[in-house]
Each structure stands twice: as C-alpha cells, then as structure tokens.
Amino acid sequence: MKGKLVAALGLTVAAVAGTVVWQRRRRRRERVDLYFADGSMVSLEQGSLEANRLLPLAHDVLDAARGGY
Amino acid sequence: MPAMEAAEALADLTEISSQIETAVLVDAQGSVVASTLADPARAASTARAARELLAAAERAMGGEAHERLAQLQAATPEGSVFIVQDAERLIAAVTVPEPTVGLVFYDLKTCLRHAAGEDLAPKPAARAGSRNAVEPDGEG
C-alpha cells in the first residue's frame, strides 16, 4: 500500500516537473504569431521556413529600437 | 493626422504600459509620425525594419486564403516586437521578454485609435507597476 502511494506521488511530481520544463523550453523558443482581420491566427515556430525568414527581421527591429544598429 | 495628437497617443501608451519599451507610429507612406525614441534616426530605422517585417509576413502568408494581416507578435528571449496596423497607419512596439500579449495588443490598438482622432474617454489610469502609477501613500 505504501509502495503504491510513493509510486503515485513520484509519478505526479515527475508529471508536474515535466510540464514546467516543457513550458519553459517552449517560452524560450522564438516564434512569430500572425493575426488576421477575420480573427484567424497563424503561429510560426522557430525552425519553420517562414519563421526563419521573419525572425531575423524581428531582431532587426529590436536592434534598431534599442540602438544596436 | 495632427502630429500633436499622435505624440499624445504615444505618451499615453508608455504612461499606461510598463512592458512597452519603445514605440513608433508610422503613416502609410512609411514616414514616422511620432515616436518614443529621442533620436529621429533610430525612430526611422525602427520604422523601416518594422515595415520590412510586416511586408515579409504578408508575403509569407500570401499564398494562403487569409484576410488582411491586422497585427503580429514576434517573440524572442530578448524581447518581443508587436505591430498593429489599420488602413492608414501602423504602430510598432518593442517590449520586455514574455510580455502580457493581450494587454500589449489592447494598448497598441487603443493608441492607434487615439492617433486616428477617435474620442476615447475616459483616459485610462496607469497600471500598477507602470512608470507613472500612483503609489498609495499609506495615510488616511
């Protein structure tokens, strides 16, 4: 009985820790979200062809605004 | 659009949002109408880079059956770029990393409407933590 409880607790802790790590990793990934006039949205994740074109341009905006140009 | 109105709209924007570092308001011809940047050259290069990003995003989605691109967010670990556009102008803003996306878009759209001369009353109060938030004095 005690062993099952420990196993269940361990599984829960592992699941929570995994979720936290996944969320942090996802936040660190770069992406571009496009919102259209009809209410639709497209998210372009880092690594996709479109995002690889757009993200350097986004960095140009950051550099220009922060005086890194 | 009167430049004073646009400048006032940007001043209100940075007053209510602590997440927005800089913002530029650009007309349909690509000219900077107002900016929070003190250096006009930096404002112009920010506007140009933002227009290039927007144009590239529109090209990237050109093959698909979408409506007009209304707004975008590019998120990076160093900060985010937000662009909102209407028929006559666009506003581009740079924020701190991991901003509250919905709030930033709301503030930018409000600023764009304000710059367009729409009567937006009452004026929003500064949020807690923003540069101009009124600290409770703890008395009375």
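Novice: I tried to follow the environment of B:Ala34 on my own but got confused; where do I start?
Specialist: Looking at the secondary structure, you find B:Ala34 in strand β2 (residues 32–35). The exposure class of B:Ala34 is buried, given the 24 C-beta atoms found within 10 Å.

Novice: Honestly, the interface of chain A and chain B in this entry has me stumped. Any pointers?
Specialist: Often the size quoted for an interface is simply the accessible area lost on bringing the parts together. The interface is formed by 28 residues belonging to chain A together with 30 residues belonging to chain B. Taken together, the residues that form the side of chain A that touches chain B break down as 15 nonpolar, 3 polar and 10 charged. Of the pairings in the sheet, the one linking strand β1 (residues 31–36) of chain A to strand β3 (residues 69–76) of chain B comprises 6 bridges and is antiparallel in character. Looking at the pairing, A:Leu34 lines up with B:Leu72 of β3(B).

Novice: What should I look at first to understand the pairing of β2(B) in this one?
Specialist: Remember that side chains alternate between the two faces of the sheet whenever the strand is regular. All names here are of chain B. Of the strand pairs in this sheet, strand β1 (residues 20–27) and β2 are connected by 3 bridges, and their pairing is antiparallel. Paired with Val 26 across the bridge in β2 is Val 32. Between the end of β1 and the start of β2, which pair antiparallel, lie 4 residues, with Gly 30 showing a positive phi angle near 95°.

Novice: I keep staring at helix α3 (residues 101–115) of chain B and nothing clicks. Help me out?
Specialist: Residue and element names in this part refer to chain B. The terminal C-alpha atoms of α3 lie 21 Å apart, and with 15 residues this matches the ideal 21 Å at 1.5 Å per residue to within 8%. All of the buried residues in α3 are Val 104, Asp 107, Leu 108, Cys 111, Leu 112 and Ala 115. The buried residues of α3 occupy one face: seen down the axis, they fall within an arc of 135°. At the exit of α3 stands Gly 117, carrying a positive phi of roughly 95°.

Definitions and cut-offs
Note on numbering: residues in each chain are counted from 1, in written sequence order. For naming, the first written chain is A and the first written ligand is 1, with later ones following in the order written. Thresholds applied to this predicted model are a pLDDT of at least 70 for local features of residues and 80 or more for the giving and counting of side-chain atom pairs; totals over whole chains, interfaces and linings are not thresholded and use all residues. Put simply, DSSP marks the helices as runs of H or I at least four residues long and the strands as runs of E at least two long, and each gets a number from the N terminus on. Exposure classification rests on a simple neighbour count of other C-beta atoms within 10 Å of a residue's own: a residue reaching 20 or more is buried, one at 12 or fewer is exposed, and one in between is partly exposed. C-beta atoms are placed from the backbone. A residue pair is marked as a contact if its C-beta atoms, positioned from the backbone, fall within 7 Å. Any residue outside Ala, Val, Leu, Ile, Met, Phe, Trp, Tyr, Cys, Pro, Asp, Glu, Lys and Arg is labelled polar, Gly included; the first ten of those are nonpolar and the last four are charged. A pair of strands is treated as paired once DSSP finds two or more bridges between them. Working rule for helices: expected span equals 1.5 Å times residues minus one. Here, the arc refers to the directions that run from the helix axis to the C-beta atoms.

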